[in-house]
Amino acid sequence: MTTSAHVPVELAALKRRITRHLWLHASPPLEGSSSPEELQFLLETTLRSDARRIVEIGFNGGFSAQTFLSAHPDTTVLSFDLGRRRAARTGKAYVDELFPGRHTLIEGDSRFTVSQYAGEHPGETFDLAFIDGGHAYENAWADITNLRALCRTGTTVVMDDLVPWRPWGAGPARAWSQAITEGLVDQHELYQDGKRVATVGQRATRAWALGSYRALPVVCC
Ligand SMILES: C[S@@+](CC[C@H](N)C(=O)[O-])C[C@H]1O[C@@H](n2cnc3c(N)ncnc32)[C@H](O)[C@@H]1O
C-alpha cells in the first residue's frame, strides 16, 4: 500500500498532540496505543474504503478514534471500551472538543456491550470495524463474532495484535485464525510493523490484518 498524496494529517504529530494532552490532564495512556505506522494504515484504509461510519473496540485515550475522525469531515466513530482508566474520560472529552457530535463511547465489557448495542439499534451498520480491545482469546473471539451484527457482508475489518509470541498477541492471533477457518472473515492483507507482508515474522512487534466479513450462513428450517 502506498501513502496517498492527499492524506490530511501527519500521524506522528497527532500522536504527540494527544499524548501531551493526556499527560497535561494527569491521564497517561497506560495501555498500548496504535503506533504512527498503524495510525497511518487506519487513515489510509478509511480513505481507500471510503468509510464514513466506523466502529472500534478499544478507545484507550482516543488515538485511533481521532485518526478515523481526521480522515474526512463526515466520518463518525462508535467506540467500545471498558472506560475504567482516566485516559478514556480525558480522551473522550478531547475528541468531543475537536470533533463535536461525531463520536460515541460505550463503556463496559465489549463481550456484552456490543451485542447489547446491536440489539438496541437494529439495522445499524458500519463501513469499517477496528478490533483492538481485550487481548485474551475469549475477548478477541467475542469481539470478532459480536461485531458481525453491526457489519454488512463485505464490511472491512482490521484485527490488531496478531503477534502470538508476545503476551498480548496470542489471544487475538488465535481468534483471528479461527474466524478465517470457520468462514466468518476473509483475510486480504497482512502488515508487520507498518509494511505489507505475506506472513508475519517472529521479530514483529506489531502486526495486524485487513479482512472483510463473509456472508452469514443461511439457517434452514
Ligand atoms: C490497546 S488499547 C486500544 C488503543 C486504541 N485503539 C488506540 O489506538 O488508541 C486497548 C483498549 O481495550 C480496552 N479493553 C480491554 N478489555 C476490554 C473489554 N473486555 N471490553 C472493552 N474494552 C476493553 C482497554 O480499556 C484499552 O483501552
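Refer to the preceding data block for the structure.
Each value, and the rule that gives it
Residues numbered from 1 in each chain as written. Predicted model: local features only at pLDDT ≥ 70, side-chain atom pairs only at ≥ 80, totals over all residues. Buried ≥ 20, exposed ≤ 12 C-beta atoms within 10 Å, placed from the backbone. Helix = DSSP H or I, 4+ residues; strand = E, 2+ residues; numbered from the N terminus. Expected span 1.5 Å × (residues − 1). Contact = placed C-beta atoms within 7 Å. Near = placed C-beta within 6 Å. Nonpolar A, V, L, I, M, F, W, Y, C, P; charged D, E, K, R; others polar. Core = buried A, V, L, I, M, F, W, Y, C linked by C-beta atoms within 7 Å. Pairing = 2+ DSSP bridges. Axes fitted to C-alpha atoms, helices over the stretch in contact; angles between N-to-C directions. Left-handed = near helix turned anticlockwise from the far one by under 90°.

J.: I'm lost on helix H3 (residues 63-71) in this one. Help?
T.: Helical geometry note: an α-helix holds 3.6 residues per turn, so side chains three or four residues apart project in the same direction. Counting buried residues in H3 gives 9 out of 9 residues, a clear majority hidden from the surface. Taken together, the buried positions of H3 are occupied by Phe 63, Ser 64, Ala 65, Gln 66, Thr 67, Phe 68, Leu 69, Ser 70 and Ala 71.

J.: Help me understand the environment of Thr 199, please; the structure alone is not making it clear to me.
T.: You can see Thr 199 is positioned in the loop between strand E7 (195-197) and strand E8 (207-213). Thr 199 sits 10 residues away from Glu 189 along the chain, and the two C-alpha atoms are 9.7 Å apart.

J.: What is the right way to look at helix H4 (residues 86-98) in this model?
T.: Helix length check: H4, at 13 residues, gives a terminal C-alpha distance of 19 Å against a target of 18 Å (1.5 Å per residue), a fit within 8%. All buried positions along H4 are accounted for by Ala 87, Ala 88, Thr 90, Gly 91, Lys 92, Tyr 94 and Val 95. Where H4 is buried, its residues contact helix H1 (11-24), H3, strand E2 (76-81) and strand E3 (103-107).

J.: How should the site of the ligand be read in this particular structure?
T.: What surrounds the ligand is a group of 20 residues, the closest being Gly 58, Phe 63, Ser 64, Ser 110 and Gly 134. Counting residues per element, the ones that place at least two in the shell around the ligand are H3, E2 and helix H5 (110-120). Here the shell around the ligand is built from residues that sort into 4 nonpolar, 11 polar and 5 charged.

J.: Looking at this model, I keep getting lost on the nonpolar core. Mind explaining?
T.: Nonpolar side chains tend to gather and get buried jointly when the protein is soluble and globular. Ala 129, Ile 131, Leu 147, Val 158, Met 159 and Leu 162 are the most contacted members of the largest nonpolar core, which totals 53 residues. The contact partners of Leu 162, leaving out residues within four places of it in the chain, are Gly 169, Pro 172, Ala 173, Trp 176, Val 200, Ala 207, Trp 208 and Ala 209.

J.: Honestly, the sheet that holds strand E1 (residues 53-57) in this entry has me stumped. Any pointers?
T.: Adjacent strands of a sheet pair through backbone hydrogen bonds, lying either parallel or antiparallel. Taken in spatial order, the 8 strands of this open sheet run E3-E2-E1-E4-E5-E8-E6-E7, and their pairing is mixed. The sheet is open, and its two borders are formed by E3 and E7, each paired with just one other strand. Strand-to-strand, the axes of this sheet are offset by a mean angle of 20°, without reference to chain direction. With 4 bridges joining them, strand E5 (residues 151-159) and E8 adopt antiparallel strand pairing.

J.: Explanation requested: unusual backbone geometry in the structure shown.
T.: Backbone phi values are negative for most residues with the exception of glycine, while trans is the configuration of most peptide bonds. Although it is not a glycine, Ala 26 adopts a positive phi angle of roughly 50°. Checked against the element boundaries, Ala 26 lands in the loop between H1 and helix H2 (36-48). One non-glycine residue, Asp 50, lies in positive phi territory at about 55°. On the secondary structure map, Asp 50 appears in the loop between H2 and E1. In this structure Asp 50 comes out as exposed when scored by C-beta crowding, with 10 C-beta atoms within 10 Å.

J.: Looking at this structure, how should I read the packing of H2 against H3?
T.: Angle between the axes and distance between the axes: these two values describe a pair of packed helices. At a minimum axis distance of 9 Å, the contact between H2 and H3 shows a crossing angle of 35°. As for the relative orientation of H2 and H3, their crossing is right-handed in sense. Here H2 contributes Leu 39, Leu 42, Leu 43, Thr 46 and Leu 47 to the contact with H3, which in turn contributes Phe 63, Ser 64, Thr 67, Phe 68, Ser 70 and Ala 71. Here the residues of the contact of H2 with H3 are counted per class, giving 7 nonpolar, 4 polar and no charged.

All quantities given are derived from atomic positions and should not be read as evidence of function.
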